[in-house]
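Tertiary structure, described
For reference, the chains in residue letters:
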Amino acid sequence: MPVLAPDAESETGIPKSPSEARPAEAMEELEHTCPQPRLTLTAPAPFADETSCQCQAPHEKLTIAQARLGTPVDRPVRVYADGIFDLFHSGHARALMQAKTLFPNSYLLVGVCSDDLTHKFKGFTVMNETERYEALRHCRYVDEVIRDAPWTLTPEFLEKHKIDFVAHDDIPYSSAGSDDVYKHIKEAATCRSAWSCRAFSAGFLFPLCSGMFVPTQRTEGISTSDIITRIVRDYDVYARRNLQRGYTAKELNVSFINEKKYRFQNQVDKMKEKVKNVEEKSKEFVYKVEEKSHDLIQKWEEKSREFIGNFLELFGPDGAWPSITYDPTPSAPAKGETACSPCPGGAARHSRLAFST
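Notes on the structure follow. Counting restarts for each chain: residues are numbered from 1 in the order of the written sequence. Thresholds applied to this predicted model are a pLDDT of at least 70 for local features of residues and 80 or more for the giving and counting of side-chain atom pairs; totals over whole chains, interfaces and linings are not thresholded and use all residues. Side-chain measures here rest on the full set of heavy atoms in the structure, leaving out hydrogens and waters.

Secondary structure elements follow DSSP: runs of H or I no shorter than four residues count as helices, runs of E no shorter than two count as strands, and numbering proceeds from the N terminus. The helix and strand tally for the protein chain stands at 10 helices and 7 strands. Only protein chains enter the calculation, and the probe is 1.4 Å; a residue is then buried if its accessible area is under 20% of its type maximum, exposed if over 50%, and partly exposed in between. Buried residues in the protein chain amount to 34% of all 357 residues. For the protein chain, long-range pairs separated by at least 24 residues make up 68% of all intrachain contacts whose partners lie at least 6 apart in sequence. Only the protein chains shown count as cover for residues, with accessible areas throughout obtained via the Shrake-Rupley method and a probe of 1.4 Å. As displayed, the protein chain offers around 23,300 Å² of accessible surface, 58% of which is attributable to carbon and sulfur atoms. Any two residues having at least one pair of non-hydrogen atoms within 4.5 Å are treated as being in contact.

Below is the structure:
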């Protein structure tokens, strides 16, 4: 977007400074050459000292309303967010996502404080500064990472990086002897940026603005302190876990006695696990036996009912099997036979077996 150089006259010919007229010079247009937001995610975000904004065009003042309406492609809104970002988690990523999407055309700069500064004002960190820098570079919402960011924002820092707005949650951040290190940014109600202030003092007119602080929302239930608290609370569990994974007691800063205790507890846990597995297998075996026994009993009952039914069908009162009866009346001798005939067919017959059906 072409703009007038600071020493040029306005289109109406009125000098920009009401206090003194500047010499008439040819109107000079300067193009914005600010770094553009990342369009692809095939590489990590660059560091500020590798791609610092060398744009010579003056950064005209933007209100929040103007920034939300959108700016020209070559003039992205430069939004700044800072922090420690130790144990980078979803709460950090969500805050950066909010900062990145505040305006349609945003360039997100993220400042990360060094180890020395953090240890001095906040305390010891789990990750060192290099690890924290790299974590931010690989966040998709970040366009540029500023190493060794200041604890408190200064006009010189804002001017150097041509920052339009500062994004942070609205909760007061007490540190370094201040009730809120962002208080001076939140209460800004005149010139919004350092270069605007200096331009105003040099005689250039800039309209008043409502400040450069834009609040974001914190993510409840997740924070670096919460994660560290979980680790400290379950320290023994994690120490035993890492011993099992091959870390030495020296690496874990564990005493000789605690090492033996943890290893013994690991052995006990292994035995418990084996017993548990045996119990589960035993229960499974008993269940299979019970299931098989139930099937066998059911089949036996079915066969028994079948056998009893067949028996009753054959031998019951109404059965089809011939009934055997005894007739005590002697049978009469056949013609030509005597009662005492010696022939086999003339055997004495004192009784007759009669079969009736």
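With that out of the way, let us pick up the nonpolar core. Y80, L96, F103 and V166 are the most contacted members of the largest nonpolar core, which totals 43 residues. Element by element, the count of residues in this core is highest for strand β4 (residues 106-112), at 5 residues. Residue contacts for L96: discarding those within four places in its chain leaves A81, F85, F88, L108, V110, L136, C139, Y141 and V142. We define a nonpolar core as any set of buried Ala, Val, Leu, Ile, Met, Phe, Trp, Tyr and Cys residues linked to one another through side-chain atoms lying within 4.5 Å. Of all hydrophobic cores here, the second largest spans 6 residues; its members include A239, L243, A249 and L252.

A positive phi angle, near 60°, is found at F85, a position not held by glycine. On the secondary structure map, F85 appears in the loop between β3 (77-83) and α2 (90-100). One non-glycine residue, N253, adopts positive backbone phi at about 55°. Of the residues examined, N253 reaches a relative accessible area of 69% and is grouped as exposed.

Looking now at the sheet that holds β3. Two strands in a sheet stick together by hydrogen bonds in their backbones, pointing the same way (parallel) or opposite ways (antiparallel). The 5 strands are arranged β5-β4-β3-β6-β7 in an open sheet whose pairing can be described as parallel. Each edge of the open sheet carries a strand with a single partner, namely β5 (144-147) and β7 (213-216). Strand-to-strand twist in this sheet, taken as the mean axis angle between neighbours without regard to direction, amounts to 30°. As paired strands, β3 and strand β6 (residues 165-169) are joined by 2 bridges and run parallel to one another. Paired with Y80 across the strands is V166, a residue of β6. Simply put, an axis is a line fit to the C-alpha atoms, just over the touching stretch for a helix, and the angle between two N-to-C directions goes from 0 to 180 degrees. Across the sheet, α2 is in contact with β3, β4, β6 and β7; its angle to β4 comes to roughly 145°. Only strands joined by at least two bridges in the DSSP assignment are considered to pair.

Now for the packing of aromatic side chains. Aromatic pairs are defined between Phe, Tyr and Trp rings, using the six-membered ring for Trp, whenever the two ring centres lie within 6.5 Å; interplanar angles under 30 degrees are classed as stacked, those over 60 as edge-to-face, and all others as tilted. For the coordinates displayed, the defined rule picks out 7 aromatic pairs. Taking 6.4 Å as the distance between ring centres and 80° as the angle between the ring planes, the aromatic pair formed by F47 and Y133 counts as edge-to-face. Of this pair, F47 sits in the loop between β2 (29-30) and α1 (64-69) while Y133 sits in helix α4 (residues 129-137); the two residues are 86 residues apart in sequence, bridging distant segments of the chain. A relative accessible area of 5% means that F47 is categorised as buried.

The rule is simple: put a 1 Å grid over the protein atoms alone, call a set of points where a 1.4 Å probe fits but cannot get out a cavity, call an open set with protein on both sides within 12 Å along at least five of seven lines a pocket, and count a residue as lining if it has an atom within 4 Å of a point. Grid points are joined across faces, edges and corners, and a volume is the space filled by probe spheres set on the points. The volume enclosed by the largest pocket comes to roughly 840 Å³. I84, H92, K122, Y173 and R218 are the residues nearest the centre of the largest pocket, which is lined by 35 residues in total. Contributing elements (two or more residues each) for the lining of the largest pocket: β3, α2, β6 and α8 (224-233). Looking at the lining of the largest pocket, the element that brings in the most residues is α2, giving 5 residues.

It is worth spelling out the side chain of D115 at this point. The residue D115 is located in helix α3 (residues 115-121) in this model. According to the relative accessible area criterion, D115 is buried, its value standing at 14%. Dropping the residues within four chain positions of it, D115 is found in contact with T125, M127, N128, E129 and R132.

A separate point is the side chain of S114. Its place among the elements puts S114 in the loop between β4 and α3. What makes S114 buried here is its relative accessible area of 10%. Polar contacts involving the side chain of S114 include one to the side chain of D148, which spans 3.2 Å. Setting aside residues no more than four positions away along its own chain, S114 makes contact with E129, R132, Y133 and D148. Polar contact is defined as a pair of N or O atoms within 3.5 Å, subject to the rule that within protein one atom must be able to donate a hydrogen and the other to accept it, and that residues adjacent in sequence are counted only when both atoms are side-chain atoms.

Here we take up the pattern of salt bridges. A carboxyl oxygen of Asp or Glu within 4 Å of a side-chain nitrogen of Lys or Arg is what we treat as a salt bridge. A complete count under the given rule lists 11 salt bridges for this structure. Its salt-bridge partner being K186, residue D170 comes within 3.6 Å of it at the nearest N-O pair. With a gap of 16 residues between them, D170 in the loop between β6 and α6 (183-186) and K186 in helix α6 connect regions that are remote in the sequence. Looking at K186, the relative accessible area reads 23%, which means it is partly exposed. Ionic pairing is found between E259 and R263, a salt bridge with its closest N-O pair at 3.2 Å. Of this pair, E259 and R263 both sit in helix α10 (residues 256-315), 4 residues apart, which is roughly one turn of that helix. Judged by relative accessible area, E259 falls into the buried class, the value being 15%. Among the residues examined, R263 registers a relative accessible area of 34% and is labelled partly exposed. Counted as one network, the salt bridges with shared partners bring together D170, D180 and K186.

This paragraph deals with the pairing of β4. Most of β4 sits inside the fold, with 7 of its 7 residues counted as buried. The alternating pattern of β4 places S106, L108, V110 and V112 and Y107, L109 and G111 on opposite faces, both of which are buried. With 7 bridges connecting them, β3 and β4 associate as parallel partners. Pairing of R78 across the sheet is with Y107, part of β4. Seen with the strands pointing away from the viewer, any crossover whose path from the first strand over the helix to the second strand runs clockwise is right-handed. Tracing the backbone out of β3, into α2 and back to the parallel element β4 gives a crossover that is right-handed.

Bear in mind that shape data such as this cannot, by itself, settle questions of function.
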